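The residues making up each chain are set out below.
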Amino acid sequence: MIHTARDAGCRDLILLKCTSTYPATPENSNILTIPHMRELFNCEVGLSDHTLGIGAAVAAVAHGATVIEKHFTLSRADGGVDSAFSMEPAELKMLVEETERAWQSLGGVVYGPTEAEKKSLMFRRSLYVAEDMKAGDIFTRENLRCVRPGLGLAPKYYEVLLGKRANRDVRKGKGVEWGMVG
């Protein structure tokens, strides 16, 4: 089917992962199939979702789904073949909001602080010189403190620094940097 569509010139192909039980259970949804389908067929993949609620759809987006198909009704009370597992307007609104939030949260592979987080670093603790030090003085529990803002070395280096020497004069209140350790 995919080869036929592509051979006929189709370039914008989207496959939908579907569990054909009505309603489907989350346990039978197998959302992890979505990234596998994307890789296997080299196309966009979505979810034809027959579960109750929005959890499976949000999980699908978190695993790369770019389309969500759900049954919709203005009111389940009106009845109908699919009404028991169809979404009403308020639920559809929540689905749109939460899948968009899930999509936005994906981002990329990032280690270390993002640009947005850099402003928050000052609220973290870090290592500071607590007494004036001369070149050659040893870092001790008395002259090294873990305080805010987070503009010095991370607190995890406290024990590493104890016993090391300052390689230059350092004023009280200066954030510790590797360049001042000799």
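Shown above is the structure to which this text applies.
Residues numbered from 1 in each chain as written. Predicted model: local features only at pLDDT ≥ 70, side-chain atom pairs only at ≥ 80, totals over all residues. Heavy atoms only, no water.

Novice: I'd like a rundown of the pattern of salt bridges, residues and numbers included.
Specialist: Per the stated rule, a full pass over the model turns up 10 salt bridges. Put simply, E44 and R38 hold a salt bridge, and the shortest N to O gap is 3.5 Å. Looking at E44, the relative accessible area reads 35%, which means it is partly exposed. Given the relative accessible area of 26%, R38 is considered partly exposed. (Salt bridge = Lys/Arg side-chain N within 4 Å of Asp/Glu carboxyl O. Buried < 20%, exposed > 50% of the residue type's maximum accessible area, 1.4 Å probe, protein only.)

Novice: If you had to explain the nonpolar core to someone new, which residues and values would you point to?
Specialist: Grouped together as the largest cluster of nonpolar side chains are 13 residues, with contacts concentrated most on L127, V129, F139, L144, L161 and V176. If you list the elements that add at least two residues to this core, you get β4 (126-129) and α6 (158-161). By size, the runner-up hydrophobic cluster in this structure holds 12 residues, among which are I31, M37, L47 and A60. (Core = buried A, V, L, I, M, F, W, Y, C linked by side-chain atoms within 4.5 Å. Helix = DSSP H or I, 4+ residues; strand = E, 2+ residues; numbered from the N terminus.)

Novice: Tell me what's going on with the packing of helix α3 (residues 55-62) against helix α4 (residues 89-106), and back it up with residues and numbers.
Specialist: Contact geometry of α3 with α4 gives a least axis separation of 8 Å together with a crossing angle of 25°. One way to sum up the angle between α3 and α4 is to call them roughly parallel. Here the hand of the crossing between α3 and α4 comes out right-handed. Of α4, the residues touching α3 (which contributes A57, V58, V61 and A62) are L95, E98, T99, A102, W103 and L106. (Axes fitted to C-alpha atoms, helices over the stretch in contact; angles between N-to-C directions. Parallel < 35°, antiparallel > 145°, perpendicular 65-115°, else oblique. Left-handed = near helix turned anticlockwise from the far one by under 90°. Contact = heavy atoms within 4.5 Å.)

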